[in-house]
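Architecture and fold: a report
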Amino acid sequence: MNKCWISLSILFLLISCGDRPEKAVVDAAEPTGTENRAYQWGEMALEATALDTERFTPRPTVTSRYLGLIFTAVFDAWSRYDASAIPVYLEEVARRPEGERTLSNKEIAISYAAYRTLNEYYYSDTTLFRQYMLELGLDPDERSLDPNTPAGIGNLAALAVIETRKIDGANQYGEVPGSNGEPYFDYTEYAPVNSADKNVDINRWQPKYFTDAEGTQFAPGCLTPFWQHVTPITLDSASQFRPGPPPMVGSEQLEREVREVIELQANLTDADKALVEFMRDGPKSVQQAGHWLKFAQDVSRRDAHTLDQDVKMYFLNQITAMDAFIASWDSKMYYDYARPYALVHDYFQDEVIRAWGGPGKGVIEMPGQQWRPYSPDVFLCPPFPSYTSGHSTVSGACGEALRLFTGDDYFGESVKLVPGVLTELDPKHYGDTVTLKFPTFTEAAEMAGKSRVMGGYHIEADNVAGLELGRDVARNAWEFYRKHLGAPKGS
């Protein structure tokens, strides 16, 4: 970190507390929807997330934390220009007088907060962010920590988030002893009981072989198996809403749900394939947290949001997603549960079944041990335990958060897709263009969760428990959010 960023303890001595209230300045014709500055920084965050995925492969836990912290810094900076909002990490910086609560000051403050946190977390794209600041007419080299200026407040908000979250369990800087400076090194020393070649406990997670672009097989290890130790923003603990156990081998429920996965995957319609691929999000993915940020931006355009409304919505949306991932990983690592990929192979070994045979093969007959999810070889199955489904948990959480924020479950969005584009290798195996409709936030979340069962990544128990867990997280996050808006208790 640049040395000119002095410690918080020193800069707090600079804070002015003697400002007299002045009459608020009202900005005429305030930009809305795509034209408001918060929306535009949301677009920049999504672009950075997509680029991060291309460089580092999908890592949904990591990117959910980045987005959660970026929009927390934006909220904290904005809060100093609001009449009642309370920052999460930006302590001891005074609320600005009414006369300074202008749109221009808010735009500057949130821009520096976004810029500094994007530079910290998506450090590979600093040139992109710098160019955007210049386009906005802002000096990217302005590192003032003056709490009486919007640039200073934005920089302070970013600094408070970055410094507070440096040692939060994510091991972003490889700071945990034994990590040797390697970011995101697994300090829990997790080791699966099963290897990719031998499954000794069918109830537990088994790594699976992927094939890279050069045709080489490899079995990726578990993604961030320590994520349940990351400090949540709104939860008391990662295990606060931990669900009960999944169905075990030998139960009627598990046998029924494994069979359901086979039948769903073998009978995918064009619309089903499009839904599986859309929720999987394919190459240039923004992961689940980013996907629901996109949905939030749909709401912003639909409802012509102002900067204030988007700052608040993105803050709620992304801290909910971040904590939902932490809660889901608590369940995943606590139960260390098997995925359908292994369960089908065990339950239907040497039994002939009908299933999708892989890119270009369509639905064919095969022995059960050759079954695979509806995915390309380069990313056959998420490399971590199954229960609860991360897609279901985050979708249940963010869908509920948007419902609470807007006060209405209506969503009304749709998307046109060509089925097979993200799975099949040859265009002749693509389906006809379909339109997916998302009438409500609740239905969008449930479609996301069910898509993971249809694609063969989860059984229904993973989905149902994930949706419930996510909604518990969201309702908790909603109370946290209202507290930080300064809402009176019981209102």
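These numbers were taken from a predicted model, which means no experiment stands behind them. (Residues numbered from 1 in each chain as written. Predicted model: local features only at pLDDT ≥ 70, side-chain atom pairs only at ≥ 80, totals over all residues. Heavy atoms only, no water.)

Let's talk about the nonpolar core
Formed by 114 residues in total, the largest nonpolar core has its most connected members in Trp41, Leu118, Tyr122, Trp227, Trp292, Val311 and Phe438. The dominant element in this core, judged by the number of residues it contributes, is helix H10 (residues 307-335), at 15 residues. Within the second largest apolar cluster, 21 residues are counted, among which are Val258, Val344, Phe348 and Ala465. (Core = buried A, V, L, I, M, F, W, Y, C linked by side-chain atoms within 4.5 Å. Buried < 20%, exposed > 50% of the residue type's maximum accessible area, 1.4 Å probe, protein only. Helix = DSSP H or I, 4+ residues; strand = E, 2+ residues; numbered from the N terminus.)

Notes on the side chain of Asn119
Mapped onto the secondary structure, Asn119 falls in helix H4 (residues 103-121). For Asn119, a relative accessible area of 17% puts it in the buried group. Apart from the residues lying within four places of it in its own chain, the contact partners of Asn119 are Thr126 and Phe129. (Contact = heavy atoms within 4.5 Å.)

Considerations on the packing of helix H7 (residues 252-266) against helix H13 (residues 441-454)
Taken N-terminus to C-terminus, the directions of H7 and H13 make an angle of 95 degrees; their axes are 8 Å apart at the nearest point. Taken together, H7 and H13 sit at an angle that is classed as roughly perpendicular. Between H7, through Glu260, Val261, Leu264 and Gln265, and H13, the contact on the second element is made entirely by Lys450, Val453 and Met454. A per-class count over the contact of H7 with H13 returns four nonpolar, one polar and two charged. (Axes fitted to C-alpha atoms, helices over the stretch in contact; angles between N-to-C directions. Parallel < 35°, antiparallel > 145°, perpendicular 65-115°, else oblique. Nonpolar A, V, L, I, M, F, W, Y, C, P; charged D, E, K, R; others polar.)

Things to note about empty space enclosed by the protein
Per the stated rule, a full pass over the model turns up three cavities of 30 Å³ or more. What the largest cavity holds in volume is close to 70 Å³. Forming the walls of the largest cavity are Trp205, Gln206, Pro207, Lys208, Phe210, Pro220, Arg339, Tyr341, Ala342, Cys381, Pro382 and Pro383. Considering only residue class, the lining of the largest cavity consists of nine nonpolar, one polar and two charged. Reported here for the second largest cavity is a volume of approximately 40 Å³. The element best represented in the lining of the second largest cavity is helix H2 (residues 37-56), accounting for four residues. Across the lining of the second largest cavity, the residue classes break down as five nonpolar, one polar and four charged. (1 Å grid on protein atoms, 1.4 Å probe; cavity = no way out; pocket = protein on both sides within 12 Å on 5 of 7 lines; lining within 4 Å. Points joined across faces, edges and corners; volume = space filled by probe spheres on them.)

A closer look at helix H14 (residues 460-484)
With 25 residues, H14 extends 36 Å from end C-alpha to end C-alpha; this agrees with the ideal 36 Å at 1.5 Å per step. Once H14 finishes, Gly486 follows within two positions and takes phi at roughly 80 degrees, a positive value. (Expected span 1.5 Å × (residues − 1).)

Details of the state of the cysteines
Enumeration according to the criterion identifies zero disulfides in this entry. This cysteine, Cys381, is not joined by any disulfide, and Cys222 carries the nearest cysteine sulfur, 12 Å off. (Disulfide = S-S within 2.5 Å.)

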